Number of protein chains: 2
Amino acid sequence: MGSRIPAQRQLAQVLGVNRSTVVTALEELQAEGLIEGKQGRGTRVANNTWTLMAATPLPDWNAYIKAGMYKPNLTTIQEINQAEINTDIIRLGTGELSPQLYPKNKMQRVLMSLSDRLESLGYEQPKGLLALREELRRYFKSIGINTSPSSILIVSGALQALQLISVGLLHQGSTIFLEKPSYPYSLQIFQSAGMKLFGLPMDENGLKPEAVHWHQKQGKRGILYTIPSFHNPTGMLMSEQRREELLLTCEKEQLPIIEDDIYRELWIDAPTPKPLKAADKNGLVLYLGSLSKSLSPGLRIGWIVGPEPVIERLADIKMQTDYGASSLSQWAAAEWLSSGLYYSYLEEVRQQLRIRREVTITALEKYFKDIASWQVPKGGFYIWLKIIPDISMKKLFEQALSEGILLNPGNIYNQNIDQYIRLSYSYASLSDIEKGICLLSEIVKELALQ
Amino acid sequence: MGSRIPAQRQLAQVLGVNRSTVVTALEELQAEGLIEGKQGRGTRVANNTWTLMAATPLPDWNAYIKAGMYKPNLTTIQEINQAEINTDIIRLGTGELSPQLYPKNKMQRVLMSLSDRLESLGYEQPKGLLALREELRRYFKSIGINTSPSSILIVSGALQALQLISVGLLHQGSTIFLEKPSYPYSLQIFQSAGMKLFGLPMDENGLKPEAVHWHQKQGKRGILYTIPSFHNPTGMLMSEQRREELLLTCEKEQLPIIEDDIYRELWIDAPTPKPLKAADKNGLVLYLGSLSKSLSPGLRIGWIVGPEPVIERLADIKMQTDYGASSLSQWAAAEWLSSGLYYSYLEEVRQQLRIRREVTITALEKYFKDIASWQVPKGGFYIWLKIIPDISMKKLFEQALSEGILLNPGNIYNQNIDQYIRLSYSYASLSDIEKGICLLSEIVKELALQ
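All figures in this text were calculated on a predicted structure; none of them were measured in a lab. (Residues numbered from 1 in each chain as written. Chains lettered and ligands numbered in written order. Predicted model: local features only at pLDDT ≥ 70, side-chain atom pairs only at ≥ 80, totals over all residues. Heavy atoms only, no water.)

Notes on the overall build of chain A
Put simply, the rule reads: Per the convention used, a helix needs a DSSP run of H or I reaching at least four residues, while a strand needs a run of E reaching at least two, with both numbered from the N terminus. The buried label goes to any residue with under 20% of its type's maximum accessible area, the exposed label to any with over 50%, and the partly exposed label to all in between, with areas taken from a 1.4 Å probe on protein chains only. A contact between two residues is defined here by any heavy atoms of the two lying within 4.5 Å. Computed with a 1.4 Å probe, the accessible areas rest on the Shrake-Rupley method; for each residue, only the protein chains presented here act as cover. The convention is simple: Lys and Arg are positive, Asp and Glu are negative, and His and the chain ends are not counted. Where a charge lies is defined by one atom per residue type: Lys uses NZ, Arg uses CZ, Asp uses CG and Glu uses CD.
Counting secondary structure elements, chain A contains 16 helices and 18 strands. With the C-alpha coordinates aligned to their principal axes, the bounding extent of chain A is approximately 75 × 60 × 50 Å. Each of the 450 residues in chain A was classed as buried or not, and the buried ones make up 58%. Once local pairs closer than 6 in sequence are excluded, the contacts in chain A between residues at least 24 apart make up 72%. Surface summary for chain A: the accessible area is close to 18300 Å², and the carbon and sulfur share equals 49%. If you average the places of the 48 positive and of the 47 negative side-chain charges in chain A, the two averages end up 2 Å apart.

Here is the structure:
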């Protein structure tokens, strides 16, 4: 008790760490009340340390944490979230545009113009900033969707849209039909609310709708979730014909559709076919989009288009959840659209993605020729890499992580398969992509020998 | 079918509305496919109208809406949310700073500085932007809370904090102890998740903790929710002694506390007493704060401080819910704090609130002397106005609304009482406050005669 702690410089030397690390550690100890620093008298162990250490926190927080109904994230996802904090890591799985593609000048123009125009920054209407919904209505028209601002809800990204749908429209025991593999398998949104995922097979044209008939027999109110354009994680593009077939099947089965179209604007080879929503005469489709993939995840701006009573319901829950998306972000999004900057920026992004895809495919051809197979995606971020040697993806993930490469193993999108990884060409720098793929191929080969 | 619709100007004249209203209505009809406009040929009823009208939307959305587990907002809250869209209305109940107090110049400086500094705008760490958590740590120190950035979670406002706590730490059947009346009675957050609210009485020093013993007998894992500083809706300030007693009682009962301190910085007469969290040696208190009341609800930035495992758990759910708060808003918040602009701005706001409170009290003394009673709040936004004549608050709400005044009737904060309204001096302009209170007194007197 009360004994003096060595000087920061000494500690740094002895422990072989930076002085700034020592400072942070001491600050944490001081914040916890375990040590105290006095002017000119150095840092000492606090006199009440024993009491502090002895007193277990009174409430049994662990019991509370276990009691909470929401499931924790998958362990792999938690590990990925943690690893992303390390800025030195090469992120070969990250489904996000590279910070190098951040449109700094255009964002500056948007923020300047905003700061002139804003006369207040309060809560917005339950469905979101009207000016943004008006801009979106215009955008939707350009992709074949005729709607009105009252049928649009602004959300904080498409993930929140799924959250709102799960607690607002579905019930315990509802079935979510979806591609297998698919992004929602990596989430607990539906499972936490007591719903079941029912995976449907895909072929080269996308999700095969035949199995949806199964739904009819169940007689339950379910919903179909699909990512028709540049599917996550496979990168697949659903053909126009398949889109028609899928819509027809779901109409026949009276099965509503969640169309998650967040990658739509990221086409590389040819403009994306019209969304299912464009042919939806009966209000079957809830259409989701977002600026997160195409512009900036940091804005946290997405949208849902659907029949007005459904939008009213979801808006009401959105209000109860967080009183709406950031108004600052909503104004910025509206400005990006109304100024036209968003559309000129998208052309640049497509150019960059084309280059990134080429560099990635070239590296794969060089290093993965005999140890993996893949399709060249027509847009989006992802290559669904099938590893040929019989190795554990968990081991690959961990070995790669220890060598500074962060991957998204395929089994988070389908727990039944263990031979895929989701490779993304959107995030890492071009040189890191090459370096990372080279290193990764060596790890695969090493593991294959074990 | 196909018949021509009269020109917009004619329609406006015949219907006695603005031409812009006609344009909007026609646009909606066109969006729905019911009419079609052709260049130089006017607007016509679409040929497929009959098919469209005849086809009932296939999926039974109403059944979906009813099946969703989340309860809809209280009818009164929905009405308030709707009425707020009308910008002409005098909002005497709104718990939000007036747009007139929007610090345009300071916000401009913040946004300019931001747009220079931002080099990317991606997802932030699960607990939120580190720079913001560092700034908050400094701020917390100034109010007596020693903590570290790893024990802080950034959320999209304090309402979302409650949402995360309800699904992350509580379970069906958990009891939420709280002041009666209190803000959460106006929400469905806890009720939608199957929890019960258990109201505790208040006296002039705040919540009376004696009844908490009841919890012991129940043997269930509950939590206590309190707004000790400038309580919503009563405006009450919990005394220092009562804060100590409450903390002691909860320690004894092993009952965790949610301390909702979002009005803390809005003191008028004297600085707010230290939060309960400042004396919390055992990690009993989850401390909530926000910029929504003190600076701007449009940023959607709030925070939770608590034991690290609890913060980890809530951060994990936050990631699953919406991938974090708007990065743009988080950077703006960090800039407000680090530049010191927030603190100089707060001094101005306190001045303005003092003036607003005075104008309101003066108007009440003039118009409500014999028909209501009230306490003068020491800070925050609210006056808990007790109406003396025996009239229905529902009628008062509706009559006031029809005369252009929006109120928050007290029974949304405690369904068992029907003689209060929550008056707010934060939102309406000074002249509207006077005008509104005068008009309101007339309505009360009229209703009392019926």
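Considerations on the sheet that holds strand β18 (residues 420-424) of chain B
All names here are of chain B. Using the following cut-off: DSSP-based pairing: two strands are paired if at least 2 bridges between them are found. Axis lines are fitted through C-alpha atoms, for helices just across the contact stretch, and the angle between N-to-C directions can take any value from 0 to 180 degrees.
Strands sit in the order β14-β15-β18-β17 across an open sheet of 4 strands; the sheet is antiparallel. Across the chains shown, the open sheet's two edge strands, defined by having one partner strand only, are β14 (372-373) and β17 (408-409). Along the sheet, helix α14 (residues 341-367) makes contact with β15 (382-387) and β18, crossing β15 at roughly 10°.

What about the confidence of the model for chain A?
Residues and elements named next belong to chain A. This is how the line gets drawn: Per residue, pLDDT measures the predictor's confidence, with a range of 0 to 100.
Mean pLDDT for chain A: 91, with 92% of residues reaching 70 or above. Here residues 48-56 is a poorly scored stretch, pLDDT under 50, and it has 8 contacts once near neighbours within four places are set aside; other chains count. Our summary of model confidence lists the complex with pTM equal to 0.88 and ipTM equal to 0.88.

Concerning the nonpolar core
This is how it is decided: In this text, buried Ala, Val, Leu, Ile, Met, Phe, Trp, Tyr and Cys residues form a nonpolar core when linked through side-chain atoms within 4.5 Å.
With 240 residues, the main nonpolar core has F140, F368 and L396 of chain A together with F140, F368 and L396 of chain B as its most contacted residues. Ignoring sequence-local partners within four residues, the contact set of F368 of chain A consists of A363, W374, L385, I387, I437, L440, S441 and V444 of chain A.

What to know about the interface of chain A and chain B
As a reminder, the rule being used: Throughout, buried area stands for the accessible area (probe radius 1.4 Å) lost by two parts on being put together, summed over both. Every case where a carboxyl oxygen of Asp or Glu lies within 4 Å of a side-chain nitrogen of Lys or Arg is listed as a salt bridge.
With 96 residues of chain A at the contact, the number on the chain B side is 95 residues. Summing both partners gives a buried area of about 8700 Å² for chain A against chain B, and 59% of it is carried by carbon and sulfur. Of all residues in chain A, the largest losses of buried area upon contact with chain B belong to W61, Y64 and Q320 of chain A, amounting jointly to 10% of the total for that side. Taken together, the connections running from chain A to chain B amount to 2 salt bridges.

Some thoughts on the relation of the copies chain A and chain B
Cut-off, in case you're wondering: Superposing the copies works by least squares over the C-alpha atoms of residues that have pLDDT at least 70 in both of them.
If you rotate chain A by 180° and push it 0.0 Å along the axis, it lands on chain B with an RMSD of 0.1 Å. What the superposition gives is, in effect, a two-fold axis relating one chain to the other. Looking at chain A, 98% of its interface residues are interface residues in chain B too, so the copies touch through the same face.

Re a nonpolar patch on the surface
Residues and elements named next belong to chain A. Rule in force here: A patch consists of residues whose relative accessible area exceeds 30% and which take part in no salt bridge; residues with like charges are grouped when within 9 Å of each other, and nonpolar side chains (Val, Leu, Ile, Met, Phe, Trp, Tyr) when within 5 Å.
Taken together, the side chains of V14, L15 and V17 present a nonpolar region at the surface, about 290 Å² in accessible area. The residue L15 is located in helix α1 (residues 8-15) in this model. Overall, the relative accessible area of 56% leaves L15 in the exposed class.

Remarks on the side chain of R300 of chain A
What counts, and what does not: Polar contact criterion, stated in full: a pair of N or O atoms within 3.5 Å, where within protein one must be able to donate a hydrogen and the other to accept it, and residues adjacent in sequence count only if both atoms are side-chain atoms.
Within the fold, R300 of chain A resides in the loop between β12 (285-290) and β13 (302-305). Among buried charged residues, R300 of chain A stands out as having no salt bridge; its nearest opposite-charge side chain is D322 of chain B, 5.7 Å away. A distance of 3.4 Å separates the side chain of R300 of chain A from the backbone oxygen of S156 of chain A, its partner in a polar contact. A polar contact is formed between the side chain of R300 of chain A and the side chain of S292 of chain A, at a distance of 3.1 Å. When residues no more than four places from it in sequence are discounted, the contact partners of R300 of chain A are V155, S156, G157, S292 and A325 of chain A together with Y123, D322, Y323, G324, A325 and S326 of chain B.

Some words on the side chain of T321 of chain B
Assignment of secondary structure puts T321 of chain B in helix α12 (residues 308-322). A polar contact of 2.7 Å, which involves the side chain of T321 of chain B, links it to the backbone oxygen of I317 of chain B.

Details of the packing of aromatic side chains
Residues and elements named next belong to chain A. Quick note on the threshold: Only the six-membered ring of Trp is used, alongside the rings of Phe and Tyr, when aromatic pairs are assigned; centres must lie within 6.5 Å, and planes under 30 degrees apart are stacked while those over 60 apart are edge-to-face, with the rest tilted.
A complete count under the given rule lists 29 aromatic pairs over all chains for this structure. Seen from their ring centres, Y342 and Y343 are 5.5 Å apart, and the 65° between their planes marks the pair as edge-to-face. Given the relative accessible area of 3%, Y342 is considered buried. The partly exposed category is assigned to Y343, whose relative accessible area is 32%. Taking the centre distance of 6.4 Å and the plane angle of 70° together, the rings of W384 and Y413 count as edge-to-face. Of this pair, W384 sits in strand β15 (residues 382-387) while Y413 sits in the loop between β17 (408-409) and β18 (420-424), and the two are 29 residues apart along the sequence.

Notes on the pattern of salt bridges
Charged atoms that come close allow side chains of opposite charge to pair. Residue and element names in this part refer to chain A. Using the criterion set out here, one finds 34 salt bridges over all chains in the structure. When the shortest N-O distance is used, the salt bridge between E335 and R117 registers 2.7 Å. Of the two residues, E335 sits in helix α13 (residues 327-338) while R117 sits in helix α6 (residues 104-117), which places them 218 residues apart along the sequence. A residue is classified by how much of its surface remains accessible, and E335, at 10% relative accessible area, is buried. Owing to a relative accessible area of 48%, R117 belongs among the partly exposed residues under this scheme. With a shortest N-O distance of 3.1 Å, E398 and K394 are connected by a salt bridge. Remark: K394 and E398 occur in helix α15 (residues 393-402); sequence separation between them is 4 residues, near one turn of the helix.

Some remarks on the packing of helix α14 (residues 341-367) of chain A against helix α16 (residues 430-449) of chain A
Axes are the key here: two packed helices are described by the angle between their axes and the distance separating the axes. All names here are of chain A. We count it as follows: Oblique is the label for any angle not under 35 degrees, not over 145, and not in the 65 to 115 range, which are roughly parallel, roughly antiparallel and roughly perpendicular in turn. Note: crossing handedness is left-handed where the near helix turns anticlockwise from the far helix by less than a right angle, and right-handed where it turns clockwise.
As a packed pair, α14 and α16 sit with axes 9 Å apart at the nearest point and diverge in direction by 25°. The orientation of α14 relative to α16 falls into the category roughly parallel. Every pair of crossing elements has a handedness; the one defined by α14 and α16 is right-handed. Across the interface between the two elements, I355, R356, V359, T360, A363, L364 and Y367 from α14 touch L430, I433, E434, I437, C438, S441 and K445 from α16.

Comments concerning the sheet that holds β17 of chain A
All names here are of chain A. Across the sheet, which stays open at both edges, the 4 strands sit in the order β14-β15-β18-β17 with antiparallel pairing between neighbours. The open sheet has two edge strands with one neighbour each: β14 (372-373) and β17. Pairing between β17 and β18: 2 bridges, direction antiparallel. Within the sheet, the bridge partner assigned to P409 lies in β18 and is I421.

Here we look at the environment of T75 of chain A
Residue and element names in this part refer to chain A. Within the secondary structure layout, T75 lies in helix α5 (residues 75-83). The exposed category is assigned to T75, whose relative accessible area is 57%. Sequence separation between T75 and A25 is 50 residues; the distance between their C-alpha atoms is 27 Å.

Quick look at the environment of M202 of chain A
All names here are of chain A. Looking at the element boundaries, M202 is found in strand β8 (residues 202-203). Remark: the alpha-carbon pair of M202 and Q375, spanning 173 residues in sequence, is separated by 14 Å. Among all residues touching M202, those that are not within four sequence positions of it are E179, K180, P181, L207, K208, H231, T234 and M236.

So, the environment of L170 of chain A
Here L170 of chain A lies in the loop between α8 (158-168) and β6 (175-179). C-alpha separation for the pair L170 of chain A and R221 of chain A, spaced 51 residues apart in sequence, amounts to 7.7 Å. Setting aside residues up to four positions removed in sequence, L170 of chain A forms contacts with I165, I176, F190, M195 and I223 of chain A together with Y64, A67, G68 and M69 of chain B.

Some remarks on the pairing of strand β13 (residues 302-305) of chain B
Residue and element names in this part refer to chain B. Alternating positions in β13 separate into two faces, G302 and I304 on one and W303 and V305 on the other, with burial throughout. Pairing between strand β5 (residues 152-155) and β13: 4 bridges, direction antiparallel. The residue of β13 that forms the bridge with I152 is V305.

Some thoughts on α16 of chain A
Residue and element names in this part refer to chain A. Just so we agree on the cut-off: An expected span of 1.5 Å times one less than the residue number is assigned to each helix.
Taking 1.5 Å as the rise per residue, α16 with 20 residues should run 28 Å; its terminal C-alpha atoms sit 29 Å apart, in good agreement. Looking at α16, one finds that the buried residues are I433, G436, I437, C438, L440, S441, I443, V444 and L447. For α16, the secondary structure elements touched by its buried residues are β4 (90-91), α14, β15, α15, β16 (405-406) and β18.

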